[in-house]
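Reading the structure
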Amino acid sequence: MSEKRIQFMAHLVAGYPDLLTTEIMMKGIENAGADSIELQIPFSDPLADGPLISSANHQALRNAITLKEIFRLLDRIAPSLPIPVFLMTYSNIVFQCGSSRFCSYCKKAGIKHLIVPDLPFDSKHALPLDLLQSFHIDLVPVLSPSMSRQRLDAILSSHPRYVYTTLKTGITGPEEEIQNQGFRFLKEIREKGDFRIIAGFGLQSPSQIHFLKGYADIAVVGSHLLRLYNESGSDAVFDFIRTYADV
Amino acid sequence: METRQANAVKGYFGEYGGAYLPPELIPVMEEIADEYETLRRTPTFMEELQEYYTHYVGRPSPIYYAGNLTEQIGGGPVYLKREDLNHTGAHKINHCLGEALLAKHMGKMKLIAETGAGQHGVALATAAALVGIECDIYMGQIDIEKEHPNVSRMKILGARVIPVTTNTKSLKDAVDAAFEAYLQDPVNQFYAIGSVVGPHPFPTMVRDFQSIVGREARSQFIQMTGRLPDHVLACVGGGSNAIGLFSGFLEDNEVSLHGVEPSGKGFKDGEHAATLTKGTPGILHGFRSYLLQDKSGQPLPVYSVASGLDYPGVGPEHSYLKDIGRVKYTTISDEEAIKAFFALSRTEGIIPAIESAHAVAFAMKLAKENTEKTLLINLSGRGDKDVDFVLRHYGKGYL
Ligand SMILES: Cc1ncc(COP(=O)(O)O)c(C=O)c1O
């Protein structure tokens, strides 16, 4: 495994199609060589997600998956999983649980990274930094090429360890090529400081991920893994990761 | 005044409102907010809108003293603000014209929107035809089947009606589908949200466009009766017709304001859509407001006989007005609304929208208890769209 290859982050929707599969997938993904997992807690109206991921959210919810069950799974497997789990969900899930309770659940399961795409830093109801720090949780800001440079600078001025960026203005889904705008944006962030850049949205081939070399540190693949799973099952997902990781 | 001040802070009404959005939508909403701020201070824009209100919509809509209904109730005098007489048959045209003109000024090629009963969809398709912009309307498959005449109207007006078949196949998922389409191309499209909901600036902007109703009503009522009404009532789905009328009276503390929510078949989860009555604060579709949600934060299924009231959220300004106690929010059941639907039809020869019939039903209760007090109802729409449905499901008891 080459030292400098882009790390692979696999996105999964917790409880899709059921929690047992999620557990098997998390272990299999790690085994296949992924470097981290982005686990999405399902929400009924996931505004930042495309049709495939949305419908996986809905399917998980039809199975009446609960936050408690997801954390019970994480309590059991996350601490012994050799790769980090980035927990992703929408703001209402966090606030309805209660910010500090949610953070304490994360801490108990050894979750150190949280991604909340619909929670701008300047909202009235945000996650207070001291709360996050007291639970050793790192809130990963979500960026977009179209965002104002004023907002971008305000976010980066807090020196986040990781940033999560979208490569096209749109939602998660396949895209033949990573748009140039995306590359320019990654370069721009790179020049602004020493952040671990997670880049995603629309990645669907190892060669696309290789293109990101020098621009991003971690490539997140979501919709494509879901499509592989839906069409051919979990082995197709593991094969895809293995093909990339073994290069 | 307090309400105005709260509003001044970037789209918040107290603890409610805001713009809880993924980063790619934030600049889009900021652009709309900026453009709207500029245009609402531009006399030519406001004059153009006013011209359409007068010569196209038929404003001002009259206030009508419903004498026969009053007599039948045997209580305080009931007045109707006749938004049902607007072109397209409801208050929705007031904000659709504003949104369509704004979109045109911003150089957008296409208007998109969700619709429940199809009233906002028809009004937007109308405004789009008028200003010459394409129009895509997202509508749940269930609503398409229920509201067929409105689907036909939208198609005749040149709009594309896109069926939403995901999840609950109704209004909430139509909003999701419209957001999804919006994200594909926020540069050329304009998402004209159908009520005082959604991220900033929509709750403020749609309220401003609807406030013509309250301004007219206040001066008309004083002219007719020499004084202010004692009670002002409106049904609340997202809350646009209610906020439009209330905005004219918010600062008149002697005027009681009543928002009427649908209790549907009762207060079991999934059988009503009484968000302010039964909900708790939460974040959905980019804004914070009262929300019907389960313990884990998922929106609950909702139901009302009135498709236009069938939404698990509500405009953030209503949440604020509830908390500060300026507006009282109450509920009316399907059955009570249908009773009022027939009462108004048969005493006055005015068939109301089932949505508006909720406000009429509550006014009938209130008038009976307050024989000395005057009541003003926002008759937000006419019931042409509902006649087949009402006869099929409720005709037996009345024919
Ligand atoms: C006639 C009428 N009244 C009321 C409503 C509810 O919307 P709002 O609460 O935004 O006025 C609708 C929505 O379709 C409607 O058609």
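Thresholds applied
- Residues numbered from 1 in each chain as written.
- Chains lettered and ligands numbered in written order.
- Predicted model: local features only at pLDDT ≥ 70, side-chain atom pairs only at ≥ 80, totals over all residues.
- Heavy atoms only, no water.
- Helix = DSSP H or I, 4+ residues; strand = E, 2+ residues; numbered from the N terminus.
- Rg over C-alpha atoms; globule rule 2.2 N^0.38 Å.
- Buried < 20%, exposed > 50% of the residue type's maximum accessible area, 1.4 Å probe, protein only.
- Contact = heavy atoms within 4.5 Å.
- Areas by Shrake-Rupley, 256 points an atom, 1.4 Å probe, with all protein chains shown as cover.
- Lys, Arg positive; Asp, Glu negative; His and termini not counted.
- Charge placed at Lys NZ, Arg CZ, Asp CG, Glu CD.
- Near = heavy atom within 4 Å.
- Polar contact = N/O pair within 3.5 Å; in protein donor to acceptor, adjacent residues only side chain to side chain.
- Domains from an automatic or database assignment.
- Phe/Tyr/Trp six-rings, centres within 6.5 Å; stacked < 30°, edge-to-face > 60°.
- Lys NZ or Arg CZ within 6 Å of the ring centre and 35° of its normal.
- Buried area = accessible area lost by both parts, 1.4 Å probe.
- Salt bridge = Lys/Arg side-chain N within 4 Å of Asp/Glu carboxyl O.
- Core = buried A, V, L, I, M, F, W, Y, C linked by side-chain atoms within 4.5 Å.
- Expected span 1.5 Å × (residues − 1).
- pLDDT = per-residue confidence, 0-100.
- Pairing = 2+ DSSP bridges.
- Axes fitted to C-alpha atoms, helices over the stretch in contact; angles between N-to-C directions.

Notes on the overall build of chain B
The helix and strand inventory of chain B stands at 16 helices and 14 strands. Its C-alpha atoms give chain B a radius of gyration of 19 Å, near enough to 21 Å, the size a compact globule of 399 residues would have. With the C-alpha coordinates of chain B rotated into their principal frame, the extents come out at 55 × 45 × 45 Å. Relative to its full complement of 399 residues, chain B shows a buried share of 66%. Nonlocal contacts in chain B, meaning residues at least 24 apart in sequence, comprise 73% of its contacts between residues at least 6 apart. A total of about 14,100 Å² of accessible surface is found on chain B, and carbon and sulfur atoms cover 51% of it. Positive and negative side-chain charges in chain B, numbering 38 and 48 respectively, have mean positions lying 4 Å apart.

Digging into unusual backbone geometry
Across residues other than glycine, the phi torsion is negative in most instances, and most of the peptide bonds are trans. In this model, Tyr16(A) is joined to Pro17(A) through a cis peptide bond whose omega is -15°. Positionally, Pro17(A) belongs in the loop between β1 (7-13) and α1 (19-31). For the bond running from Arg59(B) to Pro60(B), omega is -5°, close enough to zero to count as cis. Here Pro60(B) shows up in the loop between α3 (43-57) and β3 (63-65). Of note, the phi angle at Thr88(B) is positive, near 75°, even though the residue is not glycine. As for its position among the elements, Thr88(B) is in the loop between β4 (78-82) and α5 (92-105). Positioned with a positive phi, Lys169(B) is a non-glycine residue whose angle comes to about 55°.

A look at the site of the ligand
Residue and element names in this part refer to chain B. Around the ligand there are 18 residues in total, and Ser195, Gly237, Gly239, Ser240 and Ser380 lie nearest to it. At 2.7 Å, a backbone N or O of Gly239 approaches an oxygen atom of the ligand. The set of elements that each furnish at least two residues to the shell around the ligand consists of α11 (240-246) and α15 (354-369). Of the residues that make up the shell around the ligand, three or more belong to each of domain 1 (13-53 + 92-202) and domain 2 (58-90 + 211-397).

As for the environment of Glu335(B)
By the secondary structure assignment, Glu335(B) is in helix α14 (residues 334-348). Exposure remark for Glu335(B): the relative accessible area of 64% places this residue in the exposed category.

A look at the packing of aromatic side chains
In the structure shown here, the tally under the stated rule is 18 aromatic pairs over all chains. Note that Lys146(B) overlies the ring of Phe389(B), its terminal NZ or CZ placed 4.9 Å from the centroid.

Some points on the interface of chain B and chain A
Between chain B and chain A, the contact holds 37 residues from the first and 37 residues from the second. Both sides of the chain B and chain A interface together cover about 2,900 Å² of buried area, and 53% of this is carbon and sulfur. The three residues of chain B that bury the most area against chain A are Tyr20(B), Pro23(B) and Glu24(B), which together make up 20% of that side's buried surface. Scanning the region where chain B abuts chain A turns up two salt bridges. The salt bridge partner of Asp45(A) is Lys172(B), with a shortest N-O separation of 3.0 Å. On the surface where chain B and chain A come into contact, there are 14 residue pairs in polar contact (both at pLDDT 80 or more). Counting residues per element, the ones that place at least two in the side of chain B that touches chain A are α2 (26-40), α9 (171-184), β11 (280-284) and β12 (287-291) of chain B. With seven residues, the single largest contributor to the side of chain B that touches chain A is α9(B).

Things to note about the nonpolar core
In terms of nonpolar packing, the biggest core is built from 187 residues, with Leu74(A) and Phe102(A) touching the most fellow members. Looking at this core element by element, the count peaks at nine residues for α9(B). The residue makeup of this core includes at least three contributed by each of domain 1 (13-53 + 92-202) and domain 2 (58-90 + 211-397) of chain B. The contact partners of Phe102(A), leaving out residues within four places of it in the chain, are Ile41(A), Leu67(A), Phe71(A), Leu87(A), Thr89(A), Ile93(A), Val94(A), Cys97(A) and Leu114(A). Val305(B), Ile332(B), Ala359(B) and Phe389(B) belong to the second-largest nonpolar core, a separate cluster that totals 34 residues.

Looking at helix α8 (residues 180-192) of chain A
The end-to-end C-alpha distance of α8(A), which contains 13 residues, comes to 19 Å, matching closely the 18 Å that a straight helix rising 1.5 Å per residue would cover. Tucked into the core, α8(A) has its buried residues touching β6 (142-143), α7 (149-156), β7 (162-166), β8 (196-200) and α9 (206-211) of chain A.

Some details on the confidence of the model for chain A
Across chain A, the average pLDDT comes to 92, with 93% of residues at 70 or higher. pLDDT under 50 marks residues 170-174 of chain A. Its contacts with residues more than four places away, or in other chains, come to 25 contacts.

Concerning the sheet that holds strand β14 (residues 375-379) of chain B
Residues and elements named next belong to chain B. The sheet built from six strands is open, its strands ordered β3-β4-β14-β9-β10-β13 with mixed pairing. Edge positions in the open sheet fall to β3 and β13 (327-333), since each of these has one partner strand only. Going from strand to strand, the sheet's axes swing by 30° on average, the running direction of each strand aside. Strand direction decides the pairing type here: strand β10 (residues 256-264) and β13, joined by seven bridges, are parallel. By the bridge assignment for β13, Val260 is matched with Thr330. Strands β3, β4 and β14 of the sheet are contacted by helix α10 (residues 202-225), whose axis makes an angle of about 140° with β4. Packing against the sheet, α14 makes contact with β3, β4, β10, β13 and β14, and its axis sits at approximately 90° to β13.

Some points on the pairing of β10(B)
Residues and elements named next belong to chain B. Counting buried positions over the nine residues of β10 gives eight, a clear majority of the element. By the bridge criterion, five bridges tie strand β9 (residues 231-235) to β10 in an arrangement that is parallel. Directly across from Ala234, in β10, lies its bridge partner Gly259.

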